[in-house]
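Each chain, written out:
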Amino acid sequence: MAATAMSMRTGATLCRCPLLFHLHNNNHNNPGFMVVARPMPFRKSNKIKVLSQSQSQSQSHYSQSQPPDASFIQERINELPKLVEDILQTSINTGPRGAVRLVQGIQAVIGVGTQWLNDFSQRTDATGGISNQLQLGLLSPPYLRSLFERMGATYIKLGQFIASAPTLFPAEYVEEFQKCFDRAPPVPFSEIEAIIREELQRPLDAVYEYVDPVPIASASIAQVHSARLKSSGQEVVIKVLKPGIEDILVADLNFIYVVSRILEFLNPELRRTSLVGIVKDIKESMLEEVDFRKEAANIEAFRRYIETMGLERQAKAPFVYTHCSTKRILTMERLYGVPLTDLDSIRSLVPDPELTIVTALNVWFGSLISCESFHADVHAGNLWLLRDGRIGFLDFGIVGRISPRTWAAMEVFLASFASEDYEAMASALIEMGATGKDVDVAAFARDLQKIFSSIQELDTEIVIATRRGPNSNSAAAVSANVVVDDRQMNALFLDLVRVSESYGLRFPREFALLMKQLLYFDRYTRLLAPDMNMLQDERITVVSNRRMRNMNSFP
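All of these numbers come straight from a predicted model, not from anything done at the bench. (Residues numbered from 1 in each chain as written. Predicted model: local features only at pLDDT ≥ 70, side-chain atom pairs only at ≥ 80, totals over all residues. Heavy atoms only, no water.)

Novice: Is there a simple way to explain the packing of helix H5 (residues 141-151) against helix H6 (residues 153-163) in this structure?
Specialist: Axes are the key here: two packed helices are described by the angle between their axes and the distance separating the axes. For the pair H5 and H6, the least separation of the axes is 5 Å and the interaxial angle reads 140°. If you check the angle between H5 and H6, you find them oblique. Facing H5, whose interface residues are Phe 148, Glu 149 and Met 151, H6 presents Ala 153, Tyr 155, Ile 156, Leu 158, Gly 159 and Ile 162. (Axes fitted to C-alpha atoms, helices over the stretch in contact; angles between N-to-C directions. Helix = DSSP H or I, 4+ residues; strand = E, 2+ residues; numbered from the N terminus. Parallel < 35°, antiparallel > 145°, perpendicular 65-115°, else oblique. Contact = heavy atoms within 4.5 Å.)

Quick look at the structure:
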């Protein structure tokens, strides 16, 4: 079977103009020849480096440091009993599991520390100089990410939180933690079986006809097994919380909380960053993720949204079997389909792949206002085209909730983004960001224009493979996939955050979650509908607050 592969690189524009190429057709008939289309080299993106307020305050603090006065010392003395009480109570709640995690933490630090020492000695011997990252030691982004991955579930989730919150953390850490992978070796099935039996208070064969001992997937917190219900014969999947994960989370999060309390006590300036408040939010979010009753509620809310809006023929979320679901196990209908990045399979299921992305966008945009929460992790593994042509939404462990005020500003932002009206975009971002000072809208708009002009320079690679059967006259089967440099996408968003912070704006985390999902949808649009502007196409409805005010509330 002959095969021709073509790699096409193009700059993506806001209006999704057709791709233009200059093809070198030499040896095109050679079955093993690779045809490469390359446009002129792109200009480098305009990177706007703006010192954030926190950085400037930090520099000012260190350059003008003075000995603490008597009032500062007295204030610390007055707050000390509350700090001690807080630490003692947290330690009691943690119990002996804290000692176990301490030992594991020391082992992780030794492992990454050894790696750092090796790199340090090699770099010193080779160049005689020391890079900034090596000078930071284990606090440098790469080594800190490595340490988080060694520490397991809590710190992997914390790393993912850092990656999704560029308004809260330095850009170099946000960029590095984009690489934080949530993968872990599977737990032996005997332990998984024991957890299911304990949760259901019955033998497995009383509920399931069979459970596949080989997991479909294994992450830091849970692993998933396929199964069949005994009563109905329905194919299902069982998501099982790994043993000991709750104890690890509680111990780790309590430790992080104590550290944040001590840091705020020693440096009251950190209160301006709401460090303890951020840690509390992270703790609440993580503990929700290991309570599968919350995920089941998220799924049911999304299913009600689909039913209420009459979208049953367009989209689907898995049915939850509550009689065999608990806090630690979640039994769901098994869906069959392909991710939205698999163009070849999508073409075999539907005649027009473009309608697939239109449907997915309409369903997701509608959920922002019409549902109690929106799906906040629509990567290709969680957004499928099902065998019956519907869009399948999977894994509701991460959801977002958007306030009416933020969404009103977000609507204007999206409209101005599509029309390239940067003054309207600036006004929308000012409305969304919390600031106590006047902002020069015109100057802000000019800075935004510099940032978003770099979208035209994003490097997109569409890999197309064409295969023919033994008969040269037979139709060709085409498969394609889209590859976008995540670092460029992240840099674009980080530039937006940096510039906004220079004007005193701080966005809610829900804005970062929304933008991340829009970037996912932008990638799918590049593949399935390269000529479509997802924010201007008349087939796509971005639901308006004004229209929603007249709608009944959801049950």
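More follows now that the structure is in view.
Novice: What exactly am I supposed to notice about unusual backbone geometry here?
Specialist: Most peptide bonds adopt trans geometry, and most residues besides glycine take a negative phi value. Non-glycine residue Asp 395 carries a positive phi angle of around 60°. Topologically, Asp 395 is positioned in the loop between strand E12 (391-393) and strand E13 (399-400). Given a relative accessible area of 33%, Asp 395 falls into the partly exposed group. Phi angles above zero are rare outside glycine, and Glu 420 is one such case at about 60°. Here Glu 420 shows up in the loop between helix H14 (404-419) and helix H15 (422-432). (Buried < 20%, exposed > 50% of the residue type's maximum accessible area, 1.4 Å probe, protein only.)

Novice: When you look at the environment of Leu 394 in this model, what are you seeing that I'm missing?
Specialist: Relative to the elements of secondary structure, Leu 394 occurs in the loop between E12 and E13. Distance in space between the C-alpha atoms of Leu 394 and Pro 318 is 7.1 Å, their sequence separation being 76 residues. Setting aside chain neighbours within four positions, we find Leu 394 in contact with Leu 335, His 375, Asn 382 and Trp 384.

Novice: How should the pairing of strand E11 (residues 383-386) be read in this particular structure?
Specialist: It is a general feature of regular strands that their side chains alternate between the two faces of the sheet. By the bridge criterion, 3 bridges tie strand E9 (residues 337-339) to E11 in an arrangement that is antiparallel. Bridged to Pro 339 within E11 is Trp 384. In terms of strand pairing, E11 meets E12 through 3 bridges, oriented antiparallel. The residue of E12 that forms the bridge with Trp 384 is Gly 392. The antiparallel hairpin formed by E11 and E12 contains 4 residues in its connecting segment, where Gly 389 sits at a positive phi of about 95°. (Pairing = 2+ DSSP bridges.)

Nothing here speaks to function; it is geometry throughout.
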